[in-house]
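Fold and contact review
Here are the chains, one letter per residue:
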Amino acid sequence: MARYTGPRSRIARKFKEPIYGADKVLEKKAYPPGQHGFGKKRGSKQSEYSEQLQEKQKAKYTYGILERQFRKTFAKASHSKGITGVVLLQLVESRLDNVVYRMGIAPSRNAARQLVSHCHIAVNGKVVNVPSYTVKPGFKVAVREKSKSLEAITRSVGPGSPHPYPWIEFNPQTLEGTYISLPERAQIPENIREQLIVELYSK
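Since the structure is predicted, the reported quantities are computational estimates derived from the model, not experimental observations.

Counting its regular elements, the protein chain contains 9 helices and 5 strands. Secondary structure elements in the protein chain, listed N-terminal to C-terminal, are α-α-α-α-α-α-α-β-β-β-α-β-β-α. Counting across all 203 residues of the protein chain, residues that qualify as buried make up 43%. Taking as baseline every contact in the protein chain between residues at least 6 positions apart, the subset at least 24 positions apart corresponds to 55%. Of the accessible surface of the protein chain, which amounts to about 11,800 Å², a share of 52% is contributed by carbon and sulfur atoms.

See below:
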């Protein structure tokens, strides 16, 4: 199974949330896609399993992770100290592609994944081209010197770019940043009910 490359608005409508950022289509069509969007199913109550599965799918689409990798990440979280659901979110937040996105070097996680894959990003001075690479607290993440003039990067960190998150330090002039610490659950803005995911995998 490859990553989803179809219409992003369709996914946003499916979850009724701007999974990939602001979406005007979602504002106009606040109902699920397909011919049954306005049908009886709209008001029907979801089963517990369906609700849990949908929450997992939402997390996977949000962070751009495939099932096998997501399952491995959950297994790692379940064997770690702390609340499993929170640790799960901290692990996906620590992925290099996500850190690059949070720093504002790329406008989306997909764009961040491309920058990493094309060897434009360095961690602690060494080029890393694996999007799922785990960035640990204290690690330095920066744009390679020869990549700093890329239009995609300069446009993303230009005027009006998002302010770095509290667990991340970033210097837009040098295009370098530090992953200070693991984010607290309250600091992670994604609307994901991680407990439902834990319940799903615990069945």
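The rest of the description comes next.
Before going further, it helps to examine the packing of helix α4 (residues 67-78) against helix α9 (residues 194-201). Contact pair α4 / α9: the axes reach a minimum separation of 12 Å and the direction vectors enclose 95°. Here α4 is positioned roughly perpendicular relative to α9, judged by the angle of their axes. For the pair α4 and α9, the contacting residues are E67, F70, R71 and F74 in the first and I197, V198 and Y201 in the second. Residue classes in the contact of α4 with α9 are distributed as 5 nonpolar, no polar and 2 charged.

Relative to the assigned elements, K58 resides in helix α3 (residues 48-63). Of the residues examined, K58 reaches a relative accessible area of 5% and is grouped as buried. Within the structure, K58 has its side chain in polar contact with the side chain of E55 (distance 3.1 Å).

Conventions we followed
- Residues numbered from 1 in each chain as written.
- Predicted model: local features only at pLDDT ≥ 70, side-chain atom pairs only at ≥ 80, totals over all residues.
- Heavy atoms only, no water.
- Helix = DSSP H or I, 4+ residues; strand = E, 2+ residues; numbered from the N terminus.
- Buried < 20%, exposed > 50% of the residue type's maximum accessible area, 1.4 Å probe, protein only.
- Contact = heavy atoms within 4.5 Å.
- Areas by Shrake-Rupley, 256 points an atom, 1.4 Å probe, with all protein chains shown as cover.
- Axes fitted to C-alpha atoms, helices over the stretch in contact; angles between N-to-C directions.
- Parallel < 35°, antiparallel > 145°, perpendicular 65-115°, else oblique.
- Nonpolar A, V, L, I, M, F, W, Y, C, P; charged D, E, K, R; others polar.
- Polar contact = N/O pair within 3.5 Å; in protein donor to acceptor, adjacent residues only side chain to side chain.

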